Amino acid sequence: MKATDNLHRRYKHLFALPSAGTIILLSYISTLLVITIPNVIINVPSFQLITLITLSFIIVSILTLIERSITGKNTLCTSRRLLATSLFANIWWIISSIIGMILLQGQDHNQFFILGMFATISFRYIIIRTLFTERMRALIISALQPVLIAIITYNTWFPEILHNLESIIGGILLLIGAIFYVYKIEESGSRVRLSPIELLKDFLEAWTSDEVESLEEFMEEESSETELETVFFKFKQNDNSIAIITNDIHPGPFYPVGSSNITAQIYNSLRQNDGIFPIVLHGIVGHERNLPSQKQVQRYLQSLHKENIEGESKTSSKPITNKIGNVTVTGIKFDDSILLIITLAPYGMDDLPSNLKKTISNEAKKYGINKIMIVDAHNSESGFFGRKINEKDIQDIIKTSKKVIKNLQKSSQLKFKTGYSHSNNESRFKFDDDIGPGGISVIVFEINKKKFMLIGVDANNSVSELRGMIKEHFKNRAEIEICTSDTHITAGKTMNIKGYNALGELTSTEELLKSLDILFKEAVKDLKLSSFEVSSVQSRVKIMGKQIFENISGSVDKVSQIGKKFGIMLLSLYIIIITIVTIL
């Protein structure tokens, strides 16, 4: 399993909490049960019980606000999460009280109430120390609410129940066990410079609260500088320039960290600063080429204005498509430059292996091709446990690409027109969260009175059947190819097994086809005789590489193993203490 898949698997349910209203209600119910069980046993009058419960609700509400202020500026520590911590911690208390009620009828049941209080403090300490604050503050916050609830519950009887030395000693041992449990996680060692707890906090602050500074600083220090290429295929119509763009950067790792939203950022930068109408596509590149920080993204964007022109043409070939096995490759040739688009739709596909770029480029050079832009269409999801690209697919990609390049080399060069349209800032389009802020870009080529529409969608893959539906919808108007950018603006934050929603899962097919009809008409209306220019930019930036994900994933695995081991030991200690208290 990939390191990124492993991280998603472990963290996809973190803080997937119910609504604030539900959490408040459940937290109050758990507090009600904590107070009610012992008071019912000792036959406290109903009015007094209602008074105690009302008072406890007020105390819990006030203490939650106090706890929030004690933790300082920790963005993870919201009132909702503190109440959720109280809810789950109170379950231990309720269980202890029920055990006491069943096993020890009469006054001795309060031994289990005290033991439950310490179990609740222990559980709260593990969560609060791990996620919210440092040791001493965590200990104070962990104890404050349970102790006050215990005082409210037993009222004037509270000093008397403190004579249950067996429960108090057992509870203190349980709390020491919890403190030791967190200590062992902290000292478990890490393959990276941060302690596992600090790494977890930084990761979760970025994941849940969009506070990326600490995580990006860490990832930048762990990253290495390299040179990346961005290729522009520009189509000039009088005063306008349309550009198809690919680069050696992968969108990721997750929003808003690093290059997760790189497609929309490139689009906005080129559109606003250079007046270019861009369509940004996914190159042959994997997660090892994620940029670690927004600092590196800005560094990259600033470099895009230093283009090196490598060729020009006023003619184009017709699009040529070939299919071998599961692989379909479409190519267009502009003098000695080729645009090549690879898809495995409707069969599953993810990032194509990075070495394919060099292999196919070397094949193109044999046919006198100066520059080749290779696009990973990324338009047919395989699902988390679905089909993966295999060796036969890789060989078929190479064979099909070679065949298309060979046929393009023999093809006639003709005058051509291009037209462009884009969906941004258009209220008439009703897109859902499976389409990122880069929207949908469309470029239509008209060559020898036949049209070819290239669709670029800022999305993370697409449902496998979508490409076929679009081709069928436009079959009498144009040949089409649809590509997604593999944006990671929602990656990991979607509560499904994949961690993202592919294009077509949220936005309906009907809405997509209606939108594409509009964009196609606008692009056709924009058709003008065009010339071609190929250019490239070399950018020096830091990339994350494979090792950083493997190190983080390995560190998480190690912490998880230690956590499970000592968690079992802590639970065993709790059971042993219950047994001893019952016997004594």
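Residues numbered from 1 in each chain as written. Predicted model: local features only at pLDDT ≥ 70, side-chain atom pairs only at ≥ 80, totals over all residues. Heavy atoms only, no water.

Glancing now at the nonpolar core. The biggest cluster of nonpolar side chains holds 37 residues, and the ones touching the most others in it are Phe132, Leu215, Met219, Phe254 and Val257. Secondary-structure elements contributing two or more residues to this core are helix 5 (110–131), helix 6 (135–154), helix 8 (165–186), helix 9 (196–209), helix 10 (213–222) and helix 17 (545–583). Core analysis: the next-biggest nonpolar cluster, separate from the first, contains 26 residues, Phe235, Ile242, Ile279 and Met373 among them. (Core = buried A, V, L, I, M, F, W, Y, C linked by side-chain atoms within 4.5 Å. Buried < 20%, exposed > 50% of the residue type's maximum accessible area, 1.4 Å probe, protein only. Helix = DSSP H or I, 4+ residues; strand = E, 2+ residues; numbered from the N terminus.)

One full turn of an α-helix is made of 3.6 residues, so residues set three or four places apart face in the same direction. Under the 1.5 Å per step criterion, the end-to-end length of helix 6 is 29 Å for 20 residues, consistent within 8% with the ideal 28 Å. Helix geometry: helix 6 is bent most strongly at Leu144, by close to 25 degrees, with proline Pro146 lying one to four residues after it. For helix 6, the set of buried residues is Ala138, Ile141, Ser142, Gln145, Pro146, Ile149, Ala150, Ile152, Thr153 and Tyr154. Between the side-chain oxygen of the N-cap and the backbone nitrogen of Met136 there are 3.1 Å, and the N-cap of helix 6 in question is Glu134. (Expected span 1.5 Å × (residues − 1). Bend = angle between axes of the 7 residues up to and from the residue. Polar contact = N/O pair within 3.5 Å; in protein donor to acceptor, adjacent residues only side chain to side chain.)

The next point concerns the environment of Asn90. Within the secondary structure layout, Asn90 lies in helix 4 (residues 79–103). Under the relative-accessibility criterion, Asn90 is labelled buried at 2%. It is 7.1 Å that separates the C-alpha atoms of Asn90 and Val34, two residues lying 56 residues apart in sequence.

Attention shifts here to the sheet that holds strand 8 (residues 371–376). Spatially, four strands are ordered 5-6-7-8 in an open sheet, and the strand pairing comes out mixed. Strand pairing shows two members of the sheet lacking a second neighbour, strand 5 (320–324) and strand 8, which therefore form its edges. Ignoring strand direction, the axes of neighbouring strands in this sheet form an average angle of 20 degrees. Two strands pair when backbone bridges link them, and strand 5 and strand 6 (residues 327–334) are joined in this way by five bridges, in the antiparallel orientation. Looking at strand 6, one finds that Asn322 is bridged to Val329. Along the sheet, helix 14 (residues 391–410) contacts strand 5, strand 6, strand 7 (337–343) and strand 8; its crossing angle with strand 6, the most-contacted strand, is approximately 30 degrees. (Pairing = 2+ DSSP bridges. Axes fitted to C-alpha atoms, helices over the stretch in contact; angles between N-to-C directions. Contact = heavy atoms within 4.5 Å.)

As a further point, take the side chain of Asn247. Secondary-structure assignment places Asn247 in strand 2 (residues 240–247). Residue Asn247 is classed as buried on the basis of its relative accessible area, which comes to 8%. A distance of 3.0 Å separates the side chain of Asn247 from the backbone nitrogen of Ile249, its partner in a polar contact. A polar contact is formed between the side chain of Asn247 and the side chain of Tyr300, at a distance of 3.1 Å. The contact partners of Asn247, leaving out residues within four places of it in the chain, are Glu229, Thr230, Ile266, Gly283, Val285 and Tyr300.

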